[in-house]
Amino acid sequence: GEEVAQTPKHLVRGEGQKAKLYCAPIKGHSYVFWYQQVLKNEFKFLISFQNENVFDETGMPKERFSAKCLPNSPCSLEIQATKLEDSAVYFCASSRGFQSPLHFGNGTRLTVT
Amino acid sequence: RKEVEQDPGPFNVPEGATVAFNCTYSNSASQSFFWYRQDCRKEPKLLMSVYSSGNEDGRFTAQLNRASQYISLLIRDSKLSDSATYLCVVNIQDSSYKLIFGSGTRLLVRP
């Protein structure tokens, strides 16, 4: 597609439940990024993919967060056993390649109660 | 020290004013630079890429100073619709490829 498509728009989970977020990058874009935005404007880098391969996962809290980008499927970000501090807007973005700007999806607002 | 730093503002200016934002970055391996705009927690939208020679798009001018490791954004003749948060984004390309965001500068343009 011509836009990065993220689903769902909103997600509410009780503490300890699992949350799964989806992202379809723009067709032809090789790179996918996940960012977490909490409170004000702090964008935290989580993970990046080059096609289906993890490129950089230095931002991922590995105990509970995992992500995949499989061929012919939307990319996904999964949080096992959610905590209150996971409440945030999760943005997915895609790009053509190095030195290209990111194009963002509308985000998924996760609320953990 | 943060990898990308911005003055959080808010900058409160009247319509028609000229306003400038600066952003500093710490990693000299940074390769590419962008300004994004974010409205009310919506998705960031690309405002402009920043090139070494500086570039202009209408009322917006972006400059890069590699020696001092900062980029700037100048907005001339501010409009009410320019009110938003402006995010400085730096592409760190040393052993990886990731874009690091500044914390954003909030601009309020008043009538």
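Look up a bit, the structure's there.
Our subject in this report is the structure included herewith.

## Some remarks on the state of the cysteines
Counted under the stated rule, the structure contains three disulfides over all chains. A:Cys23 shares a disulfide with A:Cys92; S-S distance 1.8 Å. The chirality of the disulfide connecting A:Cys23 with A:Cys92 is left-handed, given an S-S dihedral of about -60°. Taken as a pair, A:Cys23 in strand β3 (residues 19-24) and A:Cys92 in strand β9 (residues 88-95) lie far apart in primary sequence, 69 residues in all. Across the pair, exposure class does not vary: A:Cys23 and A:Cys92 are buried alike. The disulfide partner of B:Cys23 is B:Cys88, and the S-S distance across this bridge is 1.9 Å. Note on the B:Cys23 and B:Cys88 pair: the S-S dihedral is about -70°, so by sign convention the disulfide is left-handed. Here B:Cys23, found in strand β3 (residues 19-25), pairs with B:Cys88, found in strand β9 (residues 84-92); they are 65 residues apart in sequence, far enough to count as distant. In this structure B:Cys23 comes out as buried when scored by relative accessible area, which is 1%.

## Remarks on the sheet that holds β3(A)
Residue and element names in this part refer to chain A. Strand order in the open sheet formed by four strands is β1-β3-β8-β7, and the pairing between neighbours is antiparallel. The strands lining the two open edges of the sheet, one partner per strand, are β1 (5-7) and β7 (65-68). Across the sheet, the mean angle from the axis of one strand to that of its neighbour is 15°, orientation sign disregarded. Note: β7 against strand β8 (residues 75-79), four bridges, orientation antiparallel. Paired with Phe-65 across the two strands is Ile-79, which belongs to β8.

## Examining the side chain of B:Ser32
Positionally, B:Ser32 belongs in strand β4 (residues 30-38). Relative accessible area serves as the criterion here: at 7%, B:Ser32 is assigned to the buried category. Setting aside residues no more than four positions away along its own chain, B:Ser32 makes contact with A:Gln99, B:Val89, B:Val90 and B:Asn91.

## Considerations on the pattern of salt bridges
One pass over the full model with this rule turns up nine salt bridges over all chains. For B:Lys2, the salt bridge goes to A:Glu42, with nearest N and O atoms at 3.4 Å. With B:Lys2 in the segment before β1 (4-6) and A:Glu42 in strand β5 (residues 42-50), the pair connects residues from two separate chains. Classification of A:Glu42 by relative accessible area gives partly exposed; the value is 39%. Note that B:Arg37 and B:Asp39 form a salt bridge whose closest N and O atoms lie 2.9 Å from each other. By sharing partners, the salt bridges in this structure join A:Lys18, A:Lys20 and A:Glu78 into a single network.

What counts and how
- Residues numbered from 1 in each chain as written.
- Chains lettered and ligands numbered in written order.
- Predicted model: local features only at pLDDT ≥ 70, side-chain atom pairs only at ≥ 80, totals over all residues.
- Heavy atoms only, no water.
- Disulfide = S-S within 2.5 Å.
- Helix = DSSP H or I, 4+ residues; strand = E, 2+ residues; numbered from the N terminus.
- Buried < 20%, exposed > 50% of the residue type's maximum accessible area, 1.4 Å probe, protein only.
- Pairing = 2+ DSSP bridges.
- Axes fitted to C-alpha atoms, helices over the stretch in contact; angles between N-to-C directions.
- Contact = heavy atoms within 4.5 Å.
- Salt bridge = Lys/Arg side-chain N within 4 Å of Asp/Glu carboxyl O.

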